[in-house]
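Descriptive analysis of the structure
In case you want the letters, here they are:
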Protein chains: 2
Amino acid sequence: MSETRETPELWLHNQICFAVHSTAHAFTAAYKPHLDPLNLTYPQYLVMLLLWEKDDQSVSELGKPLFLDSGTLTPLLKRLQATGYINRTRDPKDERVMRITLTDAGKALKQKAVCIPHNMLETMGMSVEQVMALGTDVRKLGQALRSDAGARS
Amino acid sequence: MSETRETPELWLHNQICFAVHSTAHAFTAAYKPHLDPLNLTYPQYLVMLLLWEKDDQSVSELGKPLFLDSGTLTPLLKRLQATGYINRTRDPKDERVMRITLTDAGKALKQKAVCIPHNMLETMGMSVEQVMALGTDVRKLGQALRSDAGARS
DNA sequence: ATCAATTAAATTGTACACAATTAAATTGAC
DNA sequence: GTCAATTTAATTGTGTACAATTTAATTGAT
């Protein structure tokens, strides 16, 4: 009856891209109850993770591991500044560079965030070993997708 | 030196959520060269997949498998209509319902899309079996995240 | 020393994504 | 049959993403 029978490769539920895509959105939704009390969105949380690892980074230093450019980061960082978690100041050595530093409130927030990974692990219902193994595979897939994109010279 | 040494659970590159999040974006970018010639964005492609599986669906029928509501779908469907791939008509039986049907151009597009999954498989550099196994695990994770969100009554 | 390339952010425009509200049509209890 | 609840989309407002352009600062070849 359906013309689909002949093209199972086009079934939505067979597509790993959609599995990854929808699971990413499910993560954002699952983080929400944990991040709302901290006044953070999920992408803002990712930036805070980087700043908690290493304070005082430029916009492009933050963007490289996140695969984001200033078009996304500039407005996001302005919101983090408005919330009071970061400072944005021009580097006196090179006025092109915007240096992002944590405020005291931004540093203090880390203590409220440390429990989030543990809580999310419970939500996922997986062991640490399972999560690490799956993470390795997913990262490998992401790297393959990105390296191939760069491969067309 | 870094205060991070004590909190590896907060390292960005340890977070499976970020692995999934960034791989989802890598997918969107990797699809772009395949979808641009078809005048489709990646989310629009997902809607077309559903319509190729089963023509004539309502907005909410399309939204359920995609985990999207009318707030996202209405403008997206208007763009697909503007491109000429779908029709949007009110159901005469129930004027609340918007019925989405493929135009001839929308139906014809399927033939141009059938090769995309195969091409993407090459980009991923994985076997069909590997992709299916990883897809199963990722879908399971997505389901766990969504079911737990609904678990707070 | 000067000026053409380069670099870093910011800006602009398009397109999701989602919460919350609104509007219109339908259903159901009475 | 009437009107309150429900259902379906659409709308509004905020927040990412990303391509393309712009601006300002720096570098480097001459």
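Heads up: the structure comes first, above all this text.
Reference entry: report on the structure contained in this document. From a predicted model like this one, the values you see are computed outputs, not experimental measurements.

Focus: the side chain of Q44 of chain A
Considering the arrangement of structural elements, one finds Q44 of chain A in helix α2 (residues 42-53). Among all residues touching Q44 of chain A, those that are not within four sequence positions of it are N39, L76, R79 and L80 of chain A.

Let's talk about the sheet that holds strand β2 (residues 86-91) of chain B
Residue and element names in this part refer to chain B. An order of β1-β3-β2 is seen for the 3 strands of this open sheet, with the pairing classed as antiparallel. The strands lining the two open edges of the sheet, one partner per strand, are β1 (57-58) and β2. Bridging between β2 and strand β3 (residues 94-102) involves 6 bridges; their strand directions are antiparallel. Paired with D91 across the two strands is D94, which belongs to β3.

Topic: the side chain of Q15 of chain A
With respect to the element layout, Q15 of chain A can be found in the segment before α1 (16-35). Among all residues touching Q15 of chain A, those that are not within four sequence positions of it are E9 and L10 of chain A together with Y31, Y45, L49, P117 and R139 of chain B.

What to know about the relation of the copies chain B and chain A
For these two chains of identical sequence, chain B goes onto chain A by a turn of 180° and a shift of 0.0 Å along the axis, with RMSD 0.0 Å. Considering both components of the superposition, the chain copies are consistent with a two-fold axis. Most of the interface of chain B is mirrored in chain A, where 100% of its interface residues again form contacts.

So, the protein's contact with DNA strand D
Near DNA strand D you find 27 residues, and of these T41 and Q44 of chain A together with S70, T74 and M98 of chain B are the closest. For DNA strand D, the fraction of atoms within 4 Å of the protein that belong to sugar or phosphate moieties is 75%. Between a phosphate oxygen of DNA strand D and a side-chain N or O atom of S60 of chain B, the distance comes to 2.8 Å. R96 of chain B is positioned with one of its side-chain polar atoms (N or O) 2.9 Å from a base oxygen of DNA strand D. Listed by contribution, the elements that provide at least two residues to the surface near DNA strand D are α2, α4 (70-83) and β3 (94-102) of chain A together with α1 (16-35), α3 (59-66), α4 (70-83), β2 and β3 of chain B. A class-by-class count of the residues in the surface near DNA strand D yields 7 nonpolar, 11 polar and 9 charged.

Here we look at the protein's contact with DNA strand C
Near DNA strand C, the surroundings consist of 28 residues, among which S70, T74, R88 and M98 of chain A together with R79 of chain B are the closest. For DNA strand C, the backbone makes up 76% of the atoms found within 4 Å of the protein, where backbone means sugar plus phosphate. Between DNA strand C and the protein, one listed contact pairs a phosphate oxygen with a side-chain N or O atom of S58 of chain A at 3.4 Å. Interatomic distance of 2.5 Å between a side-chain N/O atom of R79 of chain B and a phosphate oxygen of DNA strand C. Residue assignment for the surface near DNA strand C shows that the elements contributing at least two residues are α1, α3 (59-66), α4, β2 (86-91) and β3 of chain A together with α2 (42-53), α4 and β3 of chain B. Grouping the amino acids of the surface near DNA strand C by side-chain chemistry returns 7 nonpolar, 11 polar and 10 charged.

So, α1 of chain A
The first and last C-alpha atoms of α1 of chain A sit 28 Å apart over 20 residues, in line with the 28 Å expected at 1.5 Å per residue. Counting buried positions over the 20 residues of α1 of chain A gives 15, a clear majority of the element.

Some remarks on the nonpolar core
Within the largest apolar cluster, 93 residues are counted, with the highest numbers of intra-cluster contacts made by F27 and Y45 of chain A together with F27 and Y45 of chain B. Two domains each provide a minimum of three residues to this core, namely domain 1 (27-112) and domain 2 (115-147) of chain B. Look past the residues within four positions of F27 of chain A in its chain and what remains in contact with it is M120 and M124 of chain A together with I16, C17, V20, L141 and L145 of chain B.

A closer look at the sheet that holds β3 of chain A
In a beta sheet, neighbouring strands pair by backbone hydrogen bonds and run either parallel or antiparallel. Residue and element names in this part refer to chain A. The strand order across the open sheet formed by 3 strands is β1-β3-β2, and the pairing between neighbours is antiparallel. Both outer strands of the open sheet, β1 (57-58) and β2, are each paired with one neighbouring strand and no more. Across 2 bridges, the pairing between β1 and β3 is antiparallel. Looking across to β3, one finds that Q57 is bridged to I100. Relative to β2, α4 is tilted by about 125°, and along the sheet it contacts β2 and β3.

Details of helix α5 (residues 104-113) of chain B
Residue and element names in this part refer to chain B. Regarding α5, the residues found buried are G106, L109, K110 and A113. Axial view of α5: buried residues confined to an arc of 115°, hence all on one face. Exposed positions of α5 whose direction lies more than 90 degrees from the buried face are D104, Q111 and K112. For α5, the elements touching its buried residues are α2, β3 and α6 (116-124).

Procedures and definitions
In every chain, residue numbers begin from 1 and rise along the written sequence. The lettering of chains begins at A and the numbering of ligands begins at 1, in the order of writing. This being a predicted model, a pLDDT of at least 70 is required before a residue's local features are given, and a value of 80 or more before pairs of side-chain atoms are given or counted; all residues contribute to the totals for chains, interfaces and linings. Just so you know, side-chain values use all the structure's heavy atoms and leave hydrogens and water out. A run of H or I in DSSP counts as a helix once it spans at least four residues, and a run of E counts as a strand once it spans at least two, with each numbered from the N terminus. It only takes one pair of heavy atoms within 4.5 Å for two residues to be counted as in contact. Whether two strands pair comes down to DSSP finding at least two bridges between them. When the copies are superposed, the least-squares fit draws on C-alpha atoms of residues that have pLDDT of at least 70 in both. The nearness test applies per residue and asks whether one of its heavy atoms lies within 4 Å of the molecule or strand. A 3.5 Å cut-off defines polar contacts: any pair of N or O atoms within that distance qualifies, except that in protein one atom must be a possible hydrogen donor and the other a possible acceptor, and neighbouring residues in sequence count only when both atoms are side-chain atoms. As a working rule, the residues Ala, Val, Leu, Ile, Met, Phe, Trp, Tyr, Cys and Pro are called nonpolar, Asp, Glu, Lys and Arg charged, and the rest polar, with Gly in that last group. How far a helix is expected to stretch is found by multiplying one less than its residue total by 1.5 Å. Residue exposure (1.4 Å probe, protein chains only): buried if accessible area is under 20% of the type maximum, exposed if over 50%, otherwise partly exposed. Grouping buried Ala, Val, Leu, Ile, Met, Phe, Trp, Tyr and Cys residues that are joined through side-chain atoms within 4.5 Å yields what is termed a nonpolar core. In this entry, domain limits derive from an automatic or database-based domain assignment. To define axes, lines are fitted to C-alpha atoms, for helices over the stretch in contact only, and angles between the resulting N-to-C directions are given on a 0 to 180 degree scale. As used here, the arc is the angular range of directions from the helix axis to the C-beta atoms.

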